Amino acid sequence: MKAAVFEKPNHLLIVQRSLRTLRADEVLVRVVSCGVCGTDVHIVKGESRSTPPVILGHEYSGTIEDVGSAVKDFLQGQQVAVDPNICCGTCYFCRRGEVHLCSNLRALGVDIDGGMAEFCIVPEQQLYRLPEHFPMNASAFIEPVSCVLHGIDRAKIKVGDSVVILGSGTIGLMMLQLVRSAGASVTIVVEPSEQKRMIAQKLGASYVLNPNEMNVQDVVMDISGVGADVVIECVGKTSTSQSALHLARRGGTVEFFGVCPIDKTFPIEPNQVYFKELTIVGSYVNPLTFDRAIKALASGIIKVDDFPIKRFPLENVHEALRYQEEGLTIKSIIEPQTV
Ligand SMILES: [Zn+2]
Ligand SMILES: [Zn+2]
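Sequence order as written defines the numbering, with residues in each chain counted from 1. Just so you know, chain letters begin at A and ligand numbers begin at 1, following the order they were written in. It should be noted that, the model being predicted, local features are given only for residues of pLDDT at least 70 and side-chain atom pairs only at 80 or more, the latter also being counted only at that level, while totals for whole chains, interfaces and linings use all residues. Hydrogen atoms and water are omitted, and side-chain values are computed over all heavy atoms in the structure.

Undergrad: Even after reading the chapter, I still don't get the overall build of the chain, so can you show me in this structure?
TA: In DSSP terms, a helix is any run of H or I states spanning at least four residues, a strand is any run of E spanning at least two, and both are numbered starting from the N terminus. Secondary structure summary: the chain contains nine helices and 18 strands in total. As defined in this context, the radius of gyration uses C-alpha atoms, and a globule is described by 2.2 Å times the residue total to the power 0.38. Against the 2.2 N^0.38 benchmark of 20 Å for 339 residues, the chain shows a C-alpha radius of gyration of 20 Å, consistent with a compact globule. Once the C-alpha set of the chain is aligned to its principal axes, its extents read approximately 60 × 40 × 40 Å. Only protein chains enter the accessibility calculation, which uses a 1.4 Å probe. A residue is then buried if its area is under 20% of the maximum for its type, exposed if over 50%, and partly exposed in between. Within the chain, buried positions represent 51% of all 339 residues. Residue contacts follow a heavy-atom distance rule, with two residues in contact if any of their heavy atoms lie within 4.5 Å. Once local pairs closer than 6 in sequence are excluded, the contacts in the chain between residues at least 24 apart make up 68%. Each accessible area is a Shrake-Rupley estimate made with a 1.4 Å probe; only the visible protein chains count as cover when residues are assessed. Of the roughly 15800 Å² of accessible surface on the chain, a fraction of 50% belongs to carbon and sulfur atoms. The chain carries 32 positive and 38 negative side-chain charges, and their two centres are separated by 2 Å. Charge assignment: positive for Lys and Arg, negative for Asp and Glu; neither His nor the chain ends contribute. Charge placement uses NZ in Lys and CZ in Arg. For Asp and Glu, CG and CD serve respectively.

Below, the structure is given as structure tokens:
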């Protein structure tokens, strides 16, 4: 089969790989679609941790081709999505139920061969059945939605809250929809790209602000009177992370959801955190949120129909990564069965 293998920084190659035989608890998945994520871009540049050589791709779904001898709950032909994050079950964190903080966490598409290939071998415990009529164009979004769901859980939004979302790429647009369904009365999206602002508007944002044309802090103050109850940073830049602290009201919550590059820092005035009594939270991957992510997409709580996605055959993986990195699409999706 064909696969996109990350060998070392700046070496992502399309190679021919043979499939090994399935172990008893494994399932062979024919990959139908695999989303490209910022993490993939960072891995290829050598800016994010991975265990090469490895087939990339951790946002994927497909149909079951074959099952191992001990697999009971899955059958050939079923549509499935894959939770890529595999925890050990026995470390300190796993035994506290914080499986995403597992000391031995490994991920398909990062440490173990993933979905940028015609087929992928997946441990049964990582598989989720997709409901009938699940929109296949939504399937590459299940993994990112599962992460955003954890972010919503961490943000602890109360009905009636005013919420600022910094950035409306894939993550910000999904966050917006969950913030609205969590009961926010006012949603303010801050995004420099006109195209992305228009999608945010269509998805029901109360206000969409272009940070290049206005003083966002003044406008948020005008709208809310006191600053936002909750500010969620979905860009992954230190500049937006810093401004998030200024946009939150006294007693407000700031969530750093976007992934800033390792080692990048910005100054914080601890007296302001004290005086404003800010709550600052992080949100890391997707602890046991995969099932709810599938339901959020299947039920239409999160809609991705308006997302301008771009599909690529596996051979064009470099182009797919470039489109994602340069923001030429909301989501690059690789379809390994397409030639
Ligand atoms: Zn991802
Ligand atoms: Zn563990």
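Here the narrative resumes, following the displayed structure.
Undergrad: Would you mind going over the sheet that holds strand β2 (residues 11-16) with me for this structure?
TA: Sheet strands line up and pair through hydrogen bonds in the backbone, either parallel or antiparallel. In this description, strands pair whenever DSSP reports at least two bridges between them. Strand order in the open sheet made by the three strands is β2-β1-β4, with antiparallel pairing throughout. Here the strands that pair on one side only, and so sit at the sheet edges, are β2 and β4 (54-55). In the sheet, strand β1 (residues 2-8) pairs with β2 via six bridges, with the strands oriented antiparallel. Paired with A4 across the two strands is I14, which belongs to β2.

Undergrad: Would you mind going over the nonpolar core with me for this structure?
TA: One broad rule of soluble globular proteins: the nonpolar side chains tend to lie buried together. Here the nonpolar core consists of buried residues drawn from Ala, Val, Leu, Ile, Met, Phe, Trp, Tyr and Cys, with membership extended through side-chain atoms lying within 4.5 Å. Formed by 43 residues in total, the largest nonpolar core has its most connected members in I142, V179, I232, L297 and F307. Only α2 (142-155), β11 (162-166), α3 (170-181), α4 (194-202), β14 (228-233) and α8 (290-298) provide two or more residues apiece to this core. Considering each element in turn, this core owes the most residues, seven residues, to α2. Apart from residues no more than four positions distant in its own chain, F307 is found in contact with F141, T170, L173, M174, Q177, I199, L203 and I330. Judged by nonpolar contacts, the second largest core, of 42 residues, contains V31, V36, I86 and L314.

Undergrad: Is there a simple way to think about the coordination of the zinc ion (ligand 2) in this case?
TA: Metal coordination angles have textbook ideals: 109.5 degrees for a tetrahedral set of four donors and 90 or 180 degrees for an octahedral set of six. A donor here means any N, O or S atom no more than 2.8 Å from the metal (3.2 Å for Na, K and Ca); water is not included, so a site may seem to lack partners. Note on the zinc ion (ligand 2): its protein donors are C88 (SG), C91 (SG), C94 (SG) and C102 (SG). The metal-donor distances range over 2.3 to 2.4 Å. Here the metal geometry follows the donor angles, with tetrahedral for four donors whose angles all fall between 85 and 135 degrees, square planar for four and octahedral for six when opposite donors are more than 155 degrees apart and every other angle is between 65 and 115, and irregular for all the rest. Considering all four donor atoms around the zinc ion (ligand 2), angles at the metal cover 101 to 118° and the coordination shape is tetrahedral. Here the donor residues of the zinc ion (ligand 2) are spaced in sequence according to C-x2-C-x2-C-x7-C. The partly exposed category is assigned to C88, whose relative accessible area is 31%.

Undergrad: I'm lost on the coordination of the zinc ion (ligand 1) in this one. Help?
TA: Donor atoms from the polypeptide that bind the zinc ion (ligand 1) are C37 (SG), H58 (NE2) and E59 (OE), placed at 2.1 to 2.3 Å. If you list the donors of the zinc ion (ligand 1) from N- to C-terminus, the spacing comes out as C-x20-H-E. You can see C37 sitting in the loop between β3 (26-35) and α1 (38-44) and its partner H58 sitting in the loop between β4 and β5 (59-67), a full 21 residues away along the chain. Across this residue pair, the class does not change: C37 and H58 are buried.

Undergrad: Teacher, can you tell me more about the packing of α2 against α8 here?
TA: Any two packed helices are characterised by how steeply their axes cross, that is the angle between the axes, and by the distance between the axes. Orientation is described by lines fitted to C-alpha atoms, with helices fitted over the stretch in contact, and by angles between N-to-C directions that extend from 0 to 180 degrees. Look at α2 against α8: their axes get within 8 Å of each other, and the N-to-C directions meet at 105°. Considered as vectors, α2 and α8 are oriented roughly perpendicular to each other. Contacts between α2 and α8 involve I142, E143, V145, S146, L149 and D153 on the former and, on the latter, F290, R292, A293, I294 and L297. Think of it as three bins: nonpolar holds Ala, Val, Leu, Ile, Met, Phe, Trp, Tyr, Cys and Pro, charged holds Asp, Glu, Lys and Arg, and polar takes everything else, Gly as well. Residues belonging to the contact of α2 with α8 are distributed by class as follows: seven nonpolar, one polar and three charged. Here is the rule for angles: anything less than 35 degrees is roughly parallel, anything more than 145 is roughly antiparallel, 65 through 115 is roughly perpendicular, and the remaining ranges are oblique.

Undergrad: How should helix α9 (residues 317-325) be read in this particular structure?
TA: Because an α-helix completes one turn every 3.6 residues, residues spaced three or four positions apart along the sequence face the same direction. Along α9, the positions that sit buried rather than exposed are V317, A320, L321, Y323 and Q324. Along α9, the residues classed as buried sweep out an arc of 160° about the axis, all on the same side. Looking at the buried positions of α9, the neighbouring elements they touch are β1, β2, α1, α3, β17 (309-313) and β18 (331-335). Looking at the residues trailing α9, positive phi occurs at G327, about 70°. Starting at the helix axis, one direction is taken to each C-beta atom, and the arc is that of these directions.

Undergrad: Can you walk me through the pattern of salt bridges in this structure?
TA: Throughout this description, the term salt bridge denotes a Lys or Arg side-chain nitrogen within 4 Å of a carboxyl oxygen of Asp or Glu. Scanning the entire structure with this criterion turns up 15 salt bridges. Here E26 makes a salt bridge to R23, at a shortest N to O gap of 3.5 Å. Here E65 ties to R30 by a salt bridge, and the two come within 3.1 Å at their closest N and O atoms. Taken as a pair, E65 in strand β5 and R30 in strand β3 lie far apart in primary sequence, 35 residues in all. The class for E65 is partly exposed, based on a relative accessible area of 27%. The class of R30 is partly exposed, set by a relative accessible area of 28%. If you follow the salt bridges from partner to partner, you end up with R20, R23 and E26 in one network.

Undergrad: Mind showing me how you'd approach the pairing of β17 here?
TA: Along any regular strand the residues' side chains alternate between the sheet's two faces. The sheet contact formed by β17 and β18 spans five bridges and is parallel. From the neighbouring strand, P313 faces β18, where its bridge partner is E335. A right-handed crossover is one whose linking path, passing over the helix from the first strand to the second, runs clockwise when the strands point away from the viewer. One crossover worth recording links β17 to the parallel β18 by way of α9, and it is right-handed.

Undergrad: Would you mind showing me how to read the side chain of E26 here?
TA: As for its position among the elements, E26 is in strand β3. You can call E26 buried: its relative accessible area is 6%. In terms of polar contacts, E26 uses its side chain to reach the backbone amide nitrogen of R23, at 2.9 Å. If we skip the residues at most four places from it in the chain, E26 touches R20, T21, V67, G68, V71, I121, V122, P123 and E124. Pairs of N or O atoms are called polar contacts if they sit within 3.5 Å, as long as, within protein, a hydrogen donor faces a hydrogen acceptor (for residues adjacent in sequence, only side-chain-to-side-chain pairs).

Without other data, these values stay purely geometric and don't point to any function.
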